[in-house]
Amino acid sequence: MAIADLTPNAADRAPAPPRGSVIARAPRQRTTAWPLVDRVAYALCWAVGVGLCLIALAIVLFMFFKGIAYLRPHLFVESPAPSAVQSQSGGFLDPVVGTLIVAMLGIAIAMPVGVALGTWLAEYGRPAWLARAVESVIEIIAGAPSVVLALFGLLIFSQGYLGFLSQTAASGGVFGRSFFAAGAVMAVLALPLVVASTREGLTRLPDRLREASYALGRTPATTVRRVLLPAIRPDIATGGVLGLGRIIGDTAIITILLGTFLDLEKVGSVPVLGTLRGTGSTLTSYIFSNSPAGEGNAPGKAYAAAFLLLMIVLILNGIVTWLTNRDGQSDGGGLSRALRLLPLWSRLTWR
Amino acid sequence: MPPPVRRIAVDRDPYVAPPRPAGNGAVPASSVATRLRTARTSSVHARERMRVESLWLAYGDNWVVRDVTLPVRQGEVLAMIGASGSGKTTLLRSLNRLTEITAGAARSGSITLDGQDIHGFEVNDLRRRVTMVFQQPNPFPMSIFDNVAYALSERPGRGGRRRRRSTAIEEAVTDALHRAGLYDEVAGDLERSALRLSGGQQQRLCIARALAAEPEVLLLDEPCSALDPISTATIEELIVELRESVAIVIVTHNLQQAFRVADHVAFMHLGELVEYGTSEQIFDRPTVERTREYISGAFG
Amino acid sequence: MDRHPLTAAPSRGPSRTRRWATGRTDQRVERTLGALAVTVLILIGAMLVTVFVKAWPSFSHNGLSWFGPGGDVDSQLRAMQEVKALPGHSIYYFRGWPLIWGTLLTTVSAVLIALVVSTLAAVFLTEFAPSAVRRTLDPVIRLLAGVPSVIYGLIGILVLVPFINNHLISESRRASVGYVVQLNGADVMTATLILTVMILPIMVAISANALAAVPAAWREGSLALGVNRWRTIWRVSLQTARPAIVAATVLATARALGEAVMLAMVAGGRGFAPNLLDGLTALFEPVRPLAATIFQNSEGLTIAALAHTIYAIGAVLLVSAAMLSLAGWAAKQRFKRYGVRA
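Residues numbered from 1 in each chain as written. Chains lettered and ligands numbered in written order. Predicted model: local features only at pLDDT ≥ 70, side-chain atom pairs only at ≥ 80, totals over all residues.

Student: What exactly am I supposed to notice about the overall build of chain B here?
Tutor: Within chain B, the regular secondary structure consists of eleven helices and ten strands. Looking at chain B as a whole, 49% of its 300 residues are labelled buried. (Helix = DSSP H or I, 4+ residues; strand = E, 2+ residues; numbered from the N terminus. Buried ≥ 20, exposed ≤ 12 C-beta atoms within 10 Å, placed from the backbone.)

This is the structure we're talking about:
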């Protein structure tokens, strides 16, 4: 029975239904015969859906247009300077620099600690009570409001022996507010995300990877370093980017731990250390200050800064999407990875 | 060099021997086969319930079912056999308009239930009268009772609350479980999660669920392909018992199963209905060459 | 030096493959990581303990009536700031009920509204929406979920507050409560609205994902039984998605509880307890939830009494967040009964 025999002759088959016969495509959803309750629910769903679309589009377009209206190149290069004619005076150079500094500090501390903790929890985790305790503590931090974390930070950095991390007043009182302080607390903010993503990544790796490595004579430590961690690089990166997003969007910690002056104030004369010991602002506190709720009342600058912040969030979102959809790895598809990390990504929204 | 493919030279009508399993199962299979055969031969003449006329079905631009005409009768079991891709599952799904949930499906021709075009019905009414059991058992994540009562509470006029269970619903559920042959096994605790049952039990639960709404036509899409022989035998007995009250259409890959349960057999190949006839005629004396080839296992 | 995993004695502990080797380097690594874990645990544990320790004086001076009503919260806080006790009370005198009431009002209303709206929206997205709409809405919702709260606050204070002030608060309404409080558009309603919009995207996203993950076999099976699409969703898909929806609600509530900046901008900034007996006017009365109070008083942390009170508020927030996680976990356990994967 040759394969050719299985396929019928083209001439023998009727190619299509005869002309003129009805060809009905699948009819659209008809709800006329549904019970009333169901029809009401259906209408509600549509109403809510359309409303959601409209609100979402309204917000996005509003911020876009307001931002474009007020965004000027000079804003990027000038430091904040209050004046009567607010459209001319100053820009948000310092806040942008401040955002960068805080973000880099926070991530620089959170990533290594987070990856190490996550690895320990997933690969070792002995004794069990210690692992549970660490897990609970991480959960608590993840759920704690950022104001409370800021209070922690202030408490710690106001101690006398940590005065070198910020400035000490003549009377001996430690100011407690500096980029170091803010960065450290931001690291605590981002820590749960990095830990969770590392853990998830490691637990999803199939055991056969580890077995293969042991069979070649490697110890668990080397396996982790050489095989497992490289395998979950996208997960770690995603956790890092999520943490970054959370850091960049936070205002409360900045306002409490970075002082209320909008420009960078150095402490001492050492170049980098001086800035880090000093105070400043970030885009978020800049926006807050320039809104009617803050001191200055410069809505235009606030809109411009908000636009910049939104662009950064957009880019970060894009990076997360790219990372979660890139599937060179063996297990799962991009979608399953995205679905797995969705609970983490949802924590991006905690402020 | 790959091993040579054995070609079966077909130069005479093949004789299809009735299946004689090794007889080491708990259910003596030979008695099942004879019971089924005797039950089958005593079936009275059947009443036509559905009719498929010149049906064409397409997904997108690809015509999957081409110009098929078939009757579906109550009192008998219609088996649709054929290789994969022959369109038999699509044809089955079109009988209760399940093809419509796929975007881009098109059809031409008519399908009627008791003389009325099914596309004139409200689709949910139709699906209550023509229900379907799928290949993989798919019980809902609820208790056994709620699974079987699921379609019942959809009937207008009946309450669907879990606490407030009317005796009517309880009776209907017990009745359906009896008809599906599952009652004795689960009567102990009907509140158990349905997902804890074994594969065969889950499939019988799905059949009970379909029967609870008292359908007029029951469509079965390879119901036993995922099951062990004992569950298969139980379900095949069930099918033969049900055919008096419900018209049954079963799609199956398993020629022996078709032989055991079917009264009429429709053989489809690449979307076309190649041959339709009684099961004796198809299995013993197929008229079309293609049917003969398929029955004898030349392809599949 | 490193012993071969096959010849090394299996170490005690769970018998996963990875626990085999007990080489010295390996032990060192494990010990280091373990030490790090202990350090982090101690640090954060110390922080938690310190917050409660610092909060204690405020609780001990006020007892349980810390949570009760009694006087104007703002004047109490001001008294602490000026280090001049209110007549007849100690410097620690604090009655936090208006703050708690404000938090409850805004958070609970926002979460309830968002729950209903997000479920309906998620059903719309997964079931009824045309695919073009779904494709555009997905990234938009993710963007909105990531928008910092200060931007929501900005929109609120620059757009919504003036709108409500000018159009929704009539003069008669203003006069009716004028003797107690000034209405200016920054109030419970604005706060709840913006809070809802803020927590909606994440709830919609999680619910929509959960609904889409319901096995197609269940959906098809239900449709094949003649159950219409809405009922199928209601009885099968939503039931299956319940754990995820609960998780989303817990997440959203935690976010709403901890929201300080946005609420400081639009909720009115006054520690006022809206009087429900005022009827609809109660919606237009200002509030200041707990987190916003901390935020607005963060300057005064050098003053002892004020610091203790602020830490006390922080402690209340921490405990609420912890109880919330617990409640969410307990709710998920309930759903495991019928084999629905959480």
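Next comes the rest of the description.
Student: What exactly am I supposed to notice about the overall build of chain A here?
Tutor: Across its full length, chain A carries 14 helices and one strand. Expressed as a percentage of the 351 residues in chain A, the buried residues total 48%. Across chain A, every contact between residues at least 6 apart in sequence was considered, and the portion connecting residues at least 24 apart equals 69%. (Contact = placed C-beta atoms within 7 Å.)

Student: How should the nonpolar core be read in this particular structure?
Tutor: The tendency in soluble globular proteins is for nonpolar side chains to be buried side by side. Core analysis: the largest hydrophobic core is formed by 201 residues, its most contacted members being Leu151, Val185 and Ile253 of chain A together with Val266 of chain C. Not counting residues within four places of it along the chain, the set of residues in contact with Val185 of chain A comprises Leu149, Ala150, Phe152, Gly153, Ile253 and Leu257 of chain A. In this structure, Ala79, Met142, Ala210 and Ile282 of chain B belong to the second largest nonpolar core, which totals 93 residues. (Core = buried A, V, L, I, M, F, W, Y, C linked by C-beta atoms within 7 Å.)

Student: Just to check I follow, could you spell out the interface of chain A and chain C for this structure?
Tutor: Interfaces are often sized by the accessible area lost when the parts come together. Taken residue by residue, the interface counts 77 residues in chain A and 84 residues in chain C. With 15 residues, the top contributor of residues to the side of chain A that touches chain C is helix H2 (residues 36-70) of chain A. Residues of the side of chain A that touches chain C, tallied by class, amount to 54 nonpolar, 15 polar and eight charged. (Nonpolar A, V, L, I, M, F, W, Y, C, P; charged D, E, K, R; others polar.)

Student: Help me understand the pairing of strand S10 (residues 272-278) of chain B in this model?
Tutor: Residues and elements named next belong to chain B. Sheet topology note: the strand S9 (residues 264-269)/S10 ladder contains six bridges and is antiparallel. Each bridged residue has a counterpart across the sheet, and for Ala266 the counterpart in S10 is Tyr276. Hairpin connection of S9 to S10: two residues between the antiparallel strands, including Leu270 at a positive phi of 50 degrees. (Pairing = 2+ DSSP bridges.)

Student: Which parts of the structure should I look at to understand the confidence of the model for chain A?
Tutor: Residue and element names in this part refer to chain A. In the predicted model, chain A carries a mean pLDDT of 79, and 79% of its residues have values of at least 70. Low pLDDT, under 50, characterises residues 328-339; the stretch is placed with 14 contacts to residues that sit more than four places away or in other chains. Of the regions scoring below 50 in pLDDT, residues 345-351 engages in 26 contacts with residues more than four places distant in sequence or in other chains. (pLDDT = per-residue confidence, 0-100.)

Student: How should the pairing of strand S1 (residues 47-59) of chain B be read in this particular structure?
Tutor: All names here are of chain B. Here nine bridges tie S1 to strand S2 (residues 62-74), and the two strands are oriented antiparallel to one another. Paired with Leu55 across the bridge in S2 is Val68. The turn linking S1 back onto S2 is made up of two residues, and Gly60 within it adopts a positive phi angle of 70 degrees. Here eight bridges tie S1 to strand S4 (residues 105-113), and the two strands are oriented antiparallel to one another. When the sheet's bridge partners are listed, Arg51 is paired in S4 with Thr112.

Student: I tried to follow the domain arrangement of chain A on my own but got confused; where do I start?
Tutor: All names here are of chain A. Taken domain by domain, chain A comprises domain 1 (33-70) and domain 2 (89-349). Of the residues lining the interface, four residues belong to domain 1; the matching set on domain 2 comes to seven residues. A class-by-class count of the residues in the side of domain 1 that touches domain 2 yields two nonpolar, one polar and one charged. (Domains from an automatic or database assignment.)

Student: Help me out: how do you make sense of helix H7 (residues 188-212) of chain C in this one?
Tutor: Structurally, the α-helix is built with 3.6 residues per turn, so residues lying three or four positions apart point the same way. Residue and element names in this part refer to chain C. Its 25 residues place the ends of H7 35 Å apart at the C-alpha level, agreeing with the 36 Å of an ideal helix rising 1.5 Å per residue. Of all the bends in H7, the largest measures some 35 degrees and sits at Leu200, one to four residues before the proline Pro201. Counted residue by residue, H7 has 23 buried out of 25 residues, so it is predominantly covered. (Expected span 1.5 Å × (residues − 1). Bend = angle between axes of the 7 residues up to and from the residue.)

Student: Would you mind showing me how to read the confidence of the model for chain B here?
Tutor: When pLDDT is low, close inspection of the predicted coordinates is not appropriate. Residue and element names in this part refer to chain B. Chain-level pLDDT for chain B is 81 on average; 81% of the residues reach the 70-or-more range. Long-range and interchain partners of residues 23-30, a stretch whose pLDDT sits below 50, account for twelve contacts in this model, where long-range means more than four residues apart. If you check the scores for this complex, the pTM reads 0.81 and the ipTM reads 0.81.

Student: Where do I start with the environment of Val186 of chain B in this structure?
Tutor: All names here are of chain B. Structurally, the position occupied by Val186 is in helix H6 (residues 183-186). Val186 sits 39 residues away from Asn147 along the chain, and the two C-alpha atoms are 13 Å apart. Excluding residues within four positions of it along the chain, Val186 makes contact with Ile144 and Leu177.

Student: Any chance you could explain unusual backbone geometry here in plain terms?
Tutor: Leaving glycine aside, a negative phi is the common case for residues, and trans is the common case for peptide bonds. Residue and element names in this part refer to chain B. Positive phi is not limited to glycine here, since Asp67 has a value of about 50 degrees. Structurally, the position occupied by Asp67 is in strand S2. Given 19 C-beta atoms within a 10 Å radius, Asp67 is considered partly exposed. Here Leu270, not a glycine, exhibits a phi torsion of approximately 50 degrees, which is positive. The residue Leu270 is located in the loop between S9 and S10 in this model. According to the C-beta neighbour criterion, Leu270 is partly exposed, with 17 such atoms within 10 Å.

Student: Could you clarify how one ought to interpret the packing of helix H5 (residues 167-179) of chain B against helix H7 (residues 199-212) of chain B in this entry?
Tutor: Helix packing for two helices is described by the angle between their axes and how far apart those axes are. Residue and element names in this part refer to chain B. Their axes nearest at 8 Å, the elements H5 and H7 cross at an angle of 130 degrees. As judged from the angle between their axes, H5 and H7 are oblique. In this structure, H5 meets H7 at a crossing whose hand is right-handed. Where H5 approaches H7, its residues Ala172, Val173, Ala176, Leu177 and Arg179 are matched on the opposing element by Ala208, Leu211 and Ala212. Taken together, the residues of the contact of H5 with H7 sort by class into seven nonpolar, no polar and one charged. (Axes fitted to C-alpha atoms, helices over the stretch in contact; angles between N-to-C directions. Parallel < 35°, antiparallel > 145°, perpendicular 65-115°, else oblique. Left-handed = near helix turned anticlockwise from the far one by under 90°.)

Student: How should the environment of Asp187 of chain C be read in this particular structure?
Tutor: All names here are of chain C. Its place among the elements puts Asp187 in the loop between helix H6 (171-177) and H7. The exposure class assigned to Asp187 is buried, which follows from the 29 C-beta atoms found within 10 Å. Between the alpha carbons of Asp187 and Pro286 there is a distance of 4.0 Å; along the sequence they are 99 residues apart. The residues contacting Asp187, other than those within four sequence positions of it, are Gly268, Leu283, Phe284, Glu285 and Pro286.

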